[in-house]
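Coordinate analysis (summary)
Each chain, letter by letter, is given below.
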Amino acid sequence: QVQLVESGGGLVQAGGSLRLSCAASVSIFSINVINVMGWYRQAPGKQRELVAAITSHDITNYASSVKGRFTISRDNARSTVYLQMNSLKPEDTAVYYCNAEGPPPAMTSYWGQGTQVTVSS
């Protein structure tokens, strides 16, 4: 079982920056435990969407709406994945969730409790 704890959310003005952290209870990208880690967000009345993801081979993927503004990274020694968010916009306001996905075929998905990010205009 993998536990994920997010931190770093808050209230920021448009154009500002925040860094989210996701601490995992296991060594991230442990063989046969975690294959991909990502950040998702869910705004009120909207579906949860992928923001950014990073694989065990450091391949990253970003939603088009955040490309060039957000950066996902990892610190294996701290078992932590980060999301650096720059040039924030009001439309980035959402609850941000950390996700860890296990390897195939099961691809078990683990979720954190979420952290609120609010960007004021």
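Coordinates for the structure precede this section.
Here Asn 86 lies in the loop between strand S8 (80-85) and strand S9 (94-101). With a relative accessible area of 30%, Asn 86 lands in the partly exposed category. Spatially, the C-alpha atoms of Asn 86 and Ser 30 are 29 Å apart, while their sequence positions differ by 56 residues. Aside from chain neighbours lying at most four places away, what touches Asn 86 is Gly 16, Ser 17, Arg 69 and Phe 70. For Asn 86, the side chain forms a polar contact with the side chain of Ser 17, separated by 2.9 Å. A distance of 2.9 Å separates polar atoms of two side chains, one belonging to Asn 86 and the other to Gln 84.

On to the state of the cysteines, then. In total, this model carries one disulfide according to the counting rule given. Disulfide partner of Cys 22: Cys 98, at an S-S distance of 2.0 Å. What sets the handedness of the Cys 22 and Cys 98 disulfide is the S-S torsion sign, and at about -80° it is left-handed. Residue Cys 22 is found in strand S3 (residues 18-24), and its partner Cys 98 is found in strand S9; the two are separated by 76 residues along the sequence. On the basis of relative accessibility, which here comes to 0%, the residue Cys 22 falls in the buried class. Under the relative-accessibility criterion, Cys 98 is labelled buried at 1%.

Our focus in this paragraph is unusual backbone geometry. Note the cis peptide between Pro 104 and Pro 105, where omega equals 5°. Its location among the elements puts Pro 105 in the loop between S9 and strand S10 (109-111). One non-glycine residue, Ser 79, lies in the positive phi region at around 50°. Overall, the relative accessible area of 11% leaves Ser 79 in the buried class.

Aromatic ring pairs are reported here in terms of the distance separating the ring centres and the angle at which the planes meet. One pass over the full model with this rule turns up two aromatic pairs. Taking 5.0 Å as the distance between ring centres and 65° as the angle between the ring planes, the aromatic pair formed by Tyr 40 and Trp 111 counts as edge-to-face. Taken together, the residues Tyr 40 in strand S4 (residues 36-42) and Trp 111 in strand S10 connect sequence positions 71 residues apart. With relative accessibility at 22%, the residue Tyr 40 sits in the partly exposed group. Judged by relative accessible area, which is 37%, Trp 111 ranks as partly exposed. Seen in terms of ring centroids, Tyr 97 and Trp 111 are 6.4 Å apart; in terms of plane orientation they differ by 85°. Their pairing is edge-to-face. Separated by 14 residues along the polypeptide, Tyr 97 in strand S9 and Trp 111 in strand S10 bring together distant segments of the chain. The class of Tyr 97 is buried, set by a relative accessible area of 15%. Pairwise contacts between aromatic rings join Tyr 40, Tyr 97 and Trp 111 into one cluster. Its end group placed over the ring of Tyr 97, Arg 48 keeps NZ or CZ at 3.8 Å from the ring centre. Across the ring face of Trp 111, the terminal group of Arg 48 is positioned such that the distance to the ring centre comes to 4.6 Å.

Criteria and thresholds
Residues numbered from 1 in each chain as written. Predicted model: local features only at pLDDT ≥ 70, side-chain atom pairs only at ≥ 80, totals over all residues. Heavy atoms only, no water. Helix = DSSP H or I, 4+ residues; strand = E, 2+ residues; numbered from the N terminus. Buried < 20%, exposed > 50% of the residue type's maximum accessible area, 1.4 Å probe, protein only. Contact = heavy atoms within 4.5 Å. Polar contact = N/O pair within 3.5 Å; in protein donor to acceptor, adjacent residues only side chain to side chain. Disulfide = S-S within 2.5 Å. Phe/Tyr/Trp six-rings, centres within 6.5 Å; stacked < 30°, edge-to-face > 60°. Lys NZ or Arg CZ within 6 Å of the ring centre and 35° of its normal.

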